[in-house]
Amino acid sequence: MPELLLEVDGLKKYFPITSGLFGKKTGEVKAVDAVSFYVKKGETLGIVGESGCGKSTTGRLLMRLIEASDGRIIFEDKEITKMSKHELRKIRRDIQMVFQDPYASLNPRHSVQQILEEPLIVHGIGTKEERQKRVKEMLEVVGLSSYHAKRYPHQFSGGQRQRIGIARALMTKPKLIIADEPVSALDVSIQAQVLNLMKDIQEEFKLTYIFIAHDLGVVRHISDRVGVMYLGRLIELADSEELYENSMHPYTKALLSAVPVPDPDLKKQPILIEGELPSPANPPSGCAFHTRCSQVMDICKSSRPAEHNFNGHYVACHLYNK
Ligand code: SF4
């Protein structure tokens, strides 16, 4: 097996629900509930699911932008979950994020030069001249020009702003980039350009990606393997082609049936998912999908399905109990 860059084991994030004047805890939202996966060096792992499934929270946990309630995150044999602030600062050079809304994530009062230089200043990297040189280089890598360094975020289109967000993520020469819905806010015509750019950059800089999105079509374009989340749980994970051709979990099958196919002769019958997405503050017992699953059995209502491994195709569903 290729070398692992990241291992996530039993990761949980429970947010307390409080009420009253004294903020008494009355419950908790299980945003991420015992999620485990690994990421190999140089691959792209896609993570998909509806909004509120915990995929973005997982991304933030990996960088320790928020603290985990439980579980372990191991990056290159070092346990991120146990690192001191000092160690964490160092590791953040190696792990960078690209956000969904490039406009909101770029300081409107800072020039592109300042925005791109900032991560280097934070990490004490390079002299002023070296930083300026790297800004120019990275602008060119993402398809912009060095003269853009003097401009401000509002002077760019959405696609160009996301290119700046990607350039900023590259400044510290990271090993892993966590891209949280990086093309969701862009026009469809621009999405493909940004995805192609990300692919080219990955090859050029030998990067590893975690690509978070709600759109299975977008994730397929870029991912080597894809994991599907539902209500804070990872319910299926497999090689990209395998997942799209031979999905096993009823939820994944339903999601995939709704993805448009380019061939108009190939008529797909969408599988309807009944009912509303339950609240993560009060998830259904047993299999969290049981309230909406067309193949629900008695056991599904009381027992949380274990994860089964079929040659690297992982699925958590009682249909596959041996
Ligand atoms: Fe459906 Fe049961 Fe499988 Fe859950 S465990 S997806 S309810 S069949």
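Now for a quick tour of the structure. (Residues numbered from 1 in each chain as written. Predicted model: local features only at pLDDT ≥ 70, side-chain atom pairs only at ≥ 80, totals over all residues. Heavy atoms only, no water.)

## Structural notes on the overall build of the chain
So, point 1. In terms of regular secondary structure, the chain is built from 11 helices and 12 strands.
So, point 2. Over its C-alpha atoms the chain spans a radius of gyration of 21 Å, differing by no more than 12% from the 20 Å that the globule rule assigns to 322 residues.
So, point 3. Expressed along its principal axes, the backbone C-alpha trace of the chain runs to roughly 65 × 60 × 45 Å.
So, point 4. A burial count over the chain gives 48% of its 322 residues as buried.
So, point 5. Long-range pairs, those at least 24 residues apart, make up 64% of the contacts in the chain with a sequence separation of at least 6.
So, point 6. Positive and negative side-chain charges in the chain, numbering 43 and 40 respectively, have mean positions lying 6 Å apart. (Helix = DSSP H or I, 4+ residues; strand = E, 2+ residues; numbered from the N terminus. Rg over C-alpha atoms; globule rule 2.2 N^0.38 Å. Buried < 20%, exposed > 50% of the residue type's maximum accessible area, 1.4 Å probe, protein only. Contact = heavy atoms within 4.5 Å. Lys, Arg positive; Asp, Glu negative; His and termini not counted. Charge placed at Lys NZ, Arg CZ, Asp CG, Glu CD.)

## Concerning the sheet that holds strand S6 (residues 95-98)
So, point 1. The sheet built from 8 strands is open, its strands ordered S6-S7-S8-S3-S9-S10-S12-S11 with mixed pairing. Each edge of the open sheet is held by one strand with a lone partner, namely S6 and strand S11 (307-310). Neighbour to neighbour, the strand axes of the sheet diverge by 20° on average, direction disregarded.
So, point 2. Pairing of S11 with strand S12 (residues 313-316), which is carried by 4 bridges, proceeds in the antiparallel orientation. Bridged to Asn309 within S12 is Tyr314.
So, point 3. Across the sheet, helix H6 (residues 158-170) is in contact with S6 and strand S7 (176-180); its angle to S6 comes to roughly 175°.
So, point 4. Contacts from helix H7 (residues 188-205) reach strand S3 (44-48), S7 and strand S8 (208-213) within the one sheet, and its direction differs from that of S8 by about 160°. (Pairing = 2+ DSSP bridges. Axes fitted to C-alpha atoms, helices over the stretch in contact; angles between N-to-C directions.)

## Digging into the pattern of salt bridges
So, point 1. Taken as a whole and assessed by the stated rule, the structure comprises 19 salt bridges.
So, point 2. In this structure, the salt-bridge partner of Glu67 is Arg64, at a minimum N-O distance of 3.2 Å.
So, point 3. Judged by relative accessible area, which is 41%, Glu67 ranks as partly exposed.
So, point 4. The class of Arg64 is buried, set by a relative accessible area of 13%. (Salt bridge = Lys/Arg side-chain N within 4 Å of Asp/Glu carboxyl O.)

## What to know about the pairing of strand S2 (residues 24-40)
Within a regular beta strand, the side chains point alternately toward one face of the sheet and then the other, so they alternate between its two faces.
So, point 1. Across 13 bridges, strand S1 (residues 4-19) lies against S2 in antiparallel orientation. If you follow Ile17 over to S2, its bridge partner there is Gly27.
So, point 2. Hairpin connection between S1 and S2: a loop of 4 residues separates the two successive antiparallel strands, and Gly20 in this loop has a positive phi of roughly 80°.

## Remarks on the pairing of S8
So, point 1. Most of S8 sits inside the fold, with 6 of its 6 residues counted as buried.
So, point 2. Covered by surrounding structure in S8 are Thr208, Ile210 and Ile212 together with Tyr209, Phe211 and Ala213, the residues of both alternating faces.
So, point 3. The pairing of S3 with S8 spans 5 bridges and is classified as parallel. Bridge pairing links Leu45 to Ile210 in S8.
So, point 4. Direction of pairing for S7 relative to S8: parallel, over a ladder of 5 bridges. From the neighbouring strand, Ile177 faces S8, where its bridge partner is Tyr209.
So, point 5. Crossover connection from S7 via H7 to parallel S8: handedness right-handed. (Right-handed = clockwise from strand over helix to strand, strands pointing away.)

## Remarks on the nonpolar core
So, point 1. Counting 54 residues, the largest nonpolar core has Leu116, Val142, Ile166, Leu170, Ile201 and Phe211 as the members making the most contacts within it.
So, point 2. Excluding residues that lie within four positions of it along the chain, Ile201 makes contacts with Val141, Val142, Ile166, Leu170, Lys206, Leu207 and Tyr209.
So, point 3. By size, the runner-up hydrophobic cluster in this structure holds 31 residues, among which are Val32, Val35, Ile73 and Ile91. (Core = buried A, V, L, I, M, F, W, Y, C linked by side-chain atoms within 4.5 Å.)

## Some points on the site of the ligand
So, point 1. For the ligand, the full set of nearby residues is His249, Pro250, Cys287, Phe289, His290, Cys293, Gln295, Cys300, Cys317, His318 and Leu319.
So, point 2. For the shell around the ligand, the class distribution of residues is 7 nonpolar, 4 polar and no charged. (Near = heavy atom within 4 Å. Nonpolar A, V, L, I, M, F, W, Y, C, P; charged D, E, K, R; others polar.)

## Considering the sheet that holds S2
So, point 1. Ordered in space as S2-S1-S4-S5, the 4 strands form an open sheet in which the pairing is antiparallel. What marks the edges here is a single partner per strand, and that holds for S2 and strand S5 (78-79).
So, point 2. Helix-sheet contacts for helix H1 (residues 55-62) involve S1, S2 and strand S4 (70-75), and the interaxial angle to S1 is about 115°.

## A word on helix H4 (residues 112-122)
So, point 1. Buried within H4 we find Val112, Gln113, Ile115, Leu116, Glu117, Pro119 and Leu120.
So, point 2. Elements in contact with the buried residues of H4: helix H5 (128-141) and H6.
So, point 3. Positive backbone phi, approximately 60°, marks Gly124, located one or two places after H4.

## Let's talk about the environment of Glu130
So, point 1. Residue position: Glu130 is located in helix H5.
So, point 2. Residue Glu130 is classed as partly exposed on the basis of its relative accessible area, which comes to 48%.
So, point 3. In this structure the C-alpha to C-alpha distance between Glu130 and Glu50, which are 80 residues apart in sequence, comes to 43 Å.
So, point 4. Looking at Glu130, its side chain comes within polar contact range of the main-chain nitrogen of Thr127, at 2.8 Å. (Polar contact = N/O pair within 3.5 Å; in protein donor to acceptor, adjacent residues only side chain to side chain.)

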